[in-house]
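Overview (structure and organization)
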Amino acid sequence: MMSTTVWAGKFLTVQTEGTWEYVERRGQIAAAVIVAIDAGDVILVEQFRVPLGRACLELPAGLVGDETEGESVAVAAGRELEEETGYRAAAIEDLGLFYSSPGMTSECFTLVRATGLTRVGDGGGDGDENITVYRVPLADIPAFIAAKREAGVAIDAKMLLILAGSIL
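One structure accompanies this document, and this report is about it.

Rules used throughout
Residues numbered from 1 in each chain as written. Predicted model: local features only at pLDDT ≥ 70, side-chain atom pairs only at ≥ 80, totals over all residues. Heavy atoms only, no water. Helix = DSSP H or I, 4+ residues; strand = E, 2+ residues; numbered from the N terminus. Rg over C-alpha atoms; globule rule 2.2 N^0.38 Å. Contact = heavy atoms within 4.5 Å. Areas by Shrake-Rupley, 256 points an atom, 1.4 Å probe, with all protein chains shown as cover. Expected span 1.5 Å × (residues − 1). Buried < 20%, exposed > 50% of the residue type's maximum accessible area, 1.4 Å probe, protein only. Core = buried A, V, L, I, M, F, W, Y, C linked by side-chain atoms within 4.5 Å.

Quick notes on the overall build of the protein chain
Tallying secondary structure elements over the protein chain gives 3 helices and 11 strands in all. Each helix and strand of the protein chain, ordered N terminal to C terminal, gives the series β-β-β-β-β-β-β-α-β-β-β-α-β-α. For the protein chain, the C-alpha radius of gyration of 17 Å lies close to 15 Å, the compact-globule estimate for 168 residues. Over its C-alpha atoms, taken along the principal directions, the protein chain stretches across nearly 50 × 35 × 35 Å. In the protein chain, 59% of the contacts between residues at least 6 apart in sequence involve partners at least 24 apart. Only carbon and sulfur atoms are counted for the fraction: they give 54% of the accessible area of the protein chain, which is about 9,300 Å².

So this is what it looks like as structure tokens:
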């Protein structure tokens, strides 16, 4: 069965195929999600997300290939980590490709682990991202997430990776 494009924007298209409606990323743009660990602490970010209408607590992340065609995941992850958090990684390890919400979107991301962190700036993102950076000890993650949730901050599903602890 052929899909039909209902709407196309700069980065996304809305498709229909039979009774399915779903979103696709345009072109070769992918995403990198970064588990940044340093001396027993995890680097997290909080930023306003328009679709949610509120701030969201997340792992640092960003698009791959949105600025430079053919950009590698490792290069993009390093660039995004530094831009969002102010940390530079000595090593970035690919942990695999994952699909964010396969019933609704074709979007996928490569999960990476960044280690050997050096603080080289303030972070905060570029332009109007207004990202807040947190450095949270692993043992404090459950309480930190609970406090953020209680304060009305949305919690990205990828935070489950940190709560589960298996990738650390």
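Next comes the rest of the description.
Let's talk about helix 1 (residues 73–85)
Taking 1.5 Å per residue, 13 residues should reach 18 Å; helix 1 reaches 17 Å between its end C-alpha atoms and fits that length. By the burial criterion, the buried members of helix 1 are Ala76, Ala77, Arg79, Glu80, Leu81, Glu84 and Thr85. Summarising the contacts, the buried residues of helix 1 are in contact with strand 4 (30–38), strand 5 (41–49), strand 7 (61–64), strand 8 (87–99), strand 9 (108–119) and strand 10 (132–137). One or two steps after helix 1, the chain reaches Gly86, where phi turns positive at roughly 85°.

Focus: unusual backbone geometry
With a phi close to 50°, Ala39 is a non-glycine residue in the positive phi region. Looking at the secondary structure, you find Ala39 in the loop between strand 4 and strand 5. The residue Asn130 is not glycine, and still its phi comes out positive at about 50°. Mapped onto the secondary structure, Asn130 falls in the loop between strand 9 and strand 10.

Topic: the nonpolar core
When a protein is soluble and globular, its nonpolar side chains tend to lie buried together. Residues Leu44, Leu57, Leu59 and Ile141 are the most contacted members of the largest nonpolar core, which totals 20 residues. Of all the elements in the fold, those that place two or more residues in this core are strand 4, strand 5, strand 9, strand 10, helix 2 (141–150) and helix 3 (159–164). When residues of this core are assigned to their parent elements, the largest contribution, 4 residues, is made by strand 4. Not counting the four nearest positions on each side in its chain, Leu57 is found in contact with Leu44, Val45, Glu46, Tyr134, Phe144, Ile145, Lys148, Val153, Ala154, Ile155, Asp156 and Met159. Core analysis: the next-biggest nonpolar cluster, separate from the first, contains 12 residues, Ala36, Leu81, Tyr87 and Ala114 among them.

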